[in-house]
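Below are the chains, spelled out letter by letter.
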Amino acid sequence: TEACLAAIDGAEALGAFVHRTPELALERARAADERLKAGGAPDLCGIPLGIKDLFCTEGVPSQAASRILEGFRPEYESTVTAQLRDAGAVMLGKLNMDEFAMGSSNETSVYGPVVNPWKVDDRQLTPGGSSGGSAAAVAADLCLGATGTDTGGSIRQPAAFTGIAGLKPTYGRCSRWGIVAFASSLDQAGPMAKDVRDCAILLKAMAGHDPKDSTSADLPVPDFEAALTGDIRGKTIGIPREYRMDGMPEEIEALWAEGRQMLEDAGARIVDISLPHTKYALPTYYVIAPAEASSNLARYDGVRYGHRAKLAQGDGIVDMYEKTRAEGFGAEVKRRVMVGTYVLSAGFYDAYYNRARKVRALIKKDFDDAFAEGVDAILTPATPSAAFGLGEMAEADPVQMYLNDVFTVTVNLAGLPGISVPAGVDRAGLPLGLQLIGRPWEEADLLSTAYALE
Ligand code: GLN
């Protein structure tokens with residue numbers, strides 16, 4: 001813990017930690033020492049972690065990187081962070097992210113961007129988003145692991161951009177209670193760490209049924225670490241042809257082929273499969289996610305939490321809402337609230353939101369069909385490129401940024417587990433990731449396959 005705290009102090013330029021909790025960390029580390037001395041302590045006892053700012057942490061600022069939650073210190077602890085704490089893990093502080101987890105470059109944060117610890121010459125790169133702080137902190141050895149959340153790729157894309165491993169569990173595997181909601185039918189917490197084994201250890205502590213989240217599954221939590229045999233002989237791995245996109249860089253194509261070969265060499269059977277509705281995934285996601293966000297973010301009204309705008313003489317309650325929300329939300333969040341309100345409006349509900357829900361069911365059915373035909377896991381690239389330069393995409397039109405999520409959003413729409421595994425570097429020496437998608441509730445199996453790829 002002391003070494004991590006010193007490393008965090010020395011790495012301020014990365015912008016990964018937005019709030020540090022050194023006293024609390026040292027206190028928990030001392031308690032962990034006692035537990036270790038007493039014997040029988042859990043795996044995570046004394047392990048220093050970073051926590052994404054989207055998780056509510058008791059008495060510690062939890063702002064979802066938004067101005068609108070300025071000054072908000074929850075009186076409660078999210079279930080996931082409470083479970084990590086109870087397993088002896090030590091929280092070092094809160095990690096930077098895109099505002100309300102909306103973004104793929106960590107540039108929408110009220111705290112400013114995070115810098116990727118990987119560099120080419122002097123070019124500063126994004127660590128990806130929205131869990132950019134988590135990814136950068138793990139990659140730069142500021143902590144041994146971190147929590148992330150993934151609504152459309154926010155664990156897997158930053159993991160790929162920083163050369164670490166990141167798992168989005170099956171929807172319902174980890175409780176969403178106490179995590180600031182973005183799109184409730186897609187959001188899921190998961191571990192980010194240096195390798196697959198560390199992800200397995202973290203997931204075991206994070207997962208489990210929680211009566212406070214009605215969508216959390218009442219299923220036993222397996223020992224994910226014990227399941228890491230890496231023995232994939234006889235397993236069937238699907239390669240979906242629709243993920244071979246026009247204009248895909250050769251290096252990504254080559255990486256994918258290499259991954260396929262590695263799994264084959266390890267004894268897996270490789271089959272070409274079709275997920276025909278893949279091309280509708282991005283538009284479907286960018287209807288459903290903003291729709292749910294517009295509803296979830298209605299609670300930030302200047303009354304209940306955080307920031308409230310200064311009012312002028314004669315201002316009424318509507319002025320307060322309008323001024324508070326105008327000041328409190330950044331541009332991307334406002335864009336999502338407007339899109340979401342529009343697709344849910346009486347005149348357009350059927351044309352957009354209802355249609356997106358139907359297409360979502362078809363996307364899920366594509367995966368169900370592949371699994372029913374005996375596919376155990378699906379291999380795809382994690383991202384369509386390596387990390388891009390800070391500022392490069394933010395200046396382009398927002399759709400350019402959304403295209404980053406092309407390989408990851410299907411997994412959230414279908415509620416499946418997906419993992420990004422570090423898989424080499426591109427010509428410039430930047431990390432690239434491969435994604436494995438598994439059957440629902442079979443994270444143990446998925447982690448074991450990912451272990452073979454590592
Ligand atoms: N980049 C996607 C978005 O902006 C995904 C974000 C996420 O997974 N939280 O919505």
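Because the structure is a prediction, the values reported are computed rather than measured.

A. Molecular detail of the site of the ligand. In the region of the ligand, 13 residues are neighbours, and A101, S104, T151, G152 and S154 sit closest. Among the residues making up the shell around the ligand, the classes are represented as 4 nonpolar, 7 polar and 2 charged.

B. Focus on helix α8 (residues 281–296). Between its terminal C-alpha atoms α8 stretches 22 Å, which fits the 22 Å expected from 16 residues at 1.5 Å a residue. With 12 of its 16 residues buried, α8 lies for the most part within the structure. All of the buried residues in α8 are A281, T284, Y285, Y286, V287, I288, A289, P290, A291, E292, A293 and S294. Of the surrounding secondary structure, the elements contacted by the buried residues of α8 are α10 (331–343), α11 (350–372), α12 (398–402) and α13 (409–414).

C. Geometry of the domain arrangement of the protein chain. Segmentation of the protein chain into domains returns domain 1 (2–206) and domain 2 (283–350). The centre of domain 1, based on its C-alpha atoms, is set 26 Å off from the matching centre of domain 2. Taken together, the contacts link 21 residues of domain 1 with 18 residues of domain 2.

D. Examining the UniProt feature "active site" (unreviewed entry) in the protein chain more closely. Sites flagged by UniProt as "active site" (unreviewed entry) map to K52, S130 and S154. A maximum C-alpha distance of 11.2 Å is found for the annotated residues, which run over 103 residues; spatially they form one tight group. Considering the arrangement of structural elements, one finds K52 in strand β2 (residues 48–52). By C-beta crowding, K52 is classed as buried, having 32 other C-beta atoms within 10 Å. Excluding anything up to four places from it in sequence, K52 contacts L95, M97, S131, G133, S134, A146, T147, G148 and T149. In this structure, S154 sits in the loop between β4 (145–149) and α5 (156–162).

E. Here's a closer look at the pairing of strand β7 (residues 236–240). Bridge count between β7 and strand β8 (residues 269–273): 5 bridges; the pairing is parallel. For P240, the partnering residue across the bridge sits in β8 and is I273. Viewed along the sheet, the connection from β7 through helix α7 (residues 250–265) into β8 turns out right-handed. Pairing of β7 with strand β9 (residues 377–381), which is carried by 2 bridges, proceeds in the parallel orientation. Among the inter-strand pairings, I237 is bridged to a residue of β9, identified as A377.

F. Spatial organisation of the pairing of strand β3 (residues 90–95). Most of β3 is tucked away: 6 of the 6 residues are buried. Looking at chain direction, strand β1 (residues 17–20) and β3 are connected through 3 bridges and run antiparallel. Bridge assignment links F17 to a residue of β3, and that residue is L95. Handedness of the crossover joining β2 and β3 through helix α3 (residues 79–86) is recorded here as right-handed.

Parameters and conventions
Residues numbered from 1 in each chain as written. Predicted model: local features only at pLDDT ≥ 70, side-chain atom pairs only at ≥ 80, totals over all residues. Near = placed C-beta within 6 Å. Nonpolar A, V, L, I, M, F, W, Y, C, P; charged D, E, K, R; others polar. Helix = DSSP H or I, 4+ residues; strand = E, 2+ residues; numbered from the N terminus. Expected span 1.5 Å × (residues − 1). Buried ≥ 20, exposed ≤ 12 C-beta atoms within 10 Å, placed from the backbone. Contact = placed C-beta atoms within 7 Å. Domains from an automatic or database assignment. UniProt positions renumbered as here; feature names shortened; annotations may be inferred. Pairing = 2+ DSSP bridges. Right-handed = clockwise from strand over helix to strand, strands pointing away.

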